[in-house]
Amino acid sequence: MFIVRESVLVHAPIDRLFQLSTNLALVSETLAMKAIDTGVSGGVTTGHVAANCRVVWRGWKFGLPTQHHTLITAFIPPHEHLSRIGHHDITAEAFFQDTQERGHFAFFQHDHHFSALVDTASGTPLTELRDEVSFELPFGTLGRLTARLLLIPYIHRQCRKRFGLLKELAEGEGWRPFVDA
């Protein structure tokens, strides 16, 4: 099993970041894949994902046609919580998880963690985003080699690309079309 972790600190409220992260149009942009309607129960192609939603993604990866069936296996929207980490107070947390139901991986699960922080020195609201992608490939040694050489660097780049887009939108005014009022 391989685990890829990335995180970023964003100067925006947790609710905004959570809605941006669950918006299918933005996910589609960062994945470079399109959500398609296959008639599966609970399937969504637009709007926001929620608990038990299914999304079928179709596109091209590494020159190969790819179809990835995803189920939202955990969904906890932002909720009040108070604790302290270092020089920050955590005021709310959120989480969602997508798990591959069918696709090229032997196993694939993506955990999205959100922590609303307040910088105690300035009082500025911040949100920490943490992603953890756990995956396994078929094909034994060849799969492990492919994961190390190709997929781990690719997943790191994809997480950073997603974080960059979310940060840019959330810290500016670009978030408005993607977030429910």
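Note that the coordinates shown come from a computational prediction; the quantities given were computed from them, not determined experimentally.

What counts, and where the lines are drawn
Residues numbered from 1 in each chain as written. Predicted model: local features only at pLDDT ≥ 70, side-chain atom pairs only at ≥ 80, totals over all residues. Heavy atoms only, no water. pLDDT = per-residue confidence, 0-100. Helix = DSSP H or I, 4+ residues; strand = E, 2+ residues; numbered from the N terminus. Patch = residues over 30% accessible without salt bridge, like charges linked within 9 Å, V, L, I, M, F, W, Y side chains within 5 Å. Areas by Shrake-Rupley, 256 points an atom, 1.4 Å probe, with all protein chains shown as cover. Salt bridge = Lys/Arg side-chain N within 4 Å of Asp/Glu carboxyl O. Buried < 20%, exposed > 50% of the residue type's maximum accessible area, 1.4 Å probe, protein only.

Structural notes on the confidence of the model for the protein chain
Okay, step 1: On average, residues of the protein chain score 90 in pLDDT, and 93% of them reach the 70 mark or higher.
Okay, step 2: Confidence scores differ between elements of the protein chain, with strand β4 (residues 64-85) showing the lowest mean pLDDT of 83 and strand β1 (residues 2-10) the highest of 96.

Points about a nonpolar patch on the surface
Okay, step 1: Taken together, Phe-62, Leu-145, Leu-149 and Leu-150 make up a surface patch of nonpolar side chains, about 400 Å² in accessible area.
Okay, step 2: You can call Phe-62 partly exposed: its relative accessible area is 43%.

As for the pattern of salt bridges
Okay, step 1: Inspection of the entire model under this criterion finds seven salt bridges.
Okay, step 2: Taking the shortest distance from any N to any O, the salt bridge between Glu-6 and Arg-160 comes out at 3.0 Å. Of the two residues, Glu-6 is situated in strand β1 and Arg-160 in helix α3 (residues 140-171); the sequence distance between them amounts to 154 residues.
Okay, step 3: Classification of Arg-160 by relative accessible area gives partly exposed; the value is 44%.
Okay, step 4: In this structure, Arg-130 engages Glu-128 in a salt bridge whose closest nitrogen and oxygen atoms are separated by 3.3 Å.
Okay, step 5: Residue Arg-130 is classed as partly exposed on the basis of its relative accessible area, which comes to 28%.
Okay, step 6: A relative accessible area of 22% places Glu-128 in the partly exposed class.

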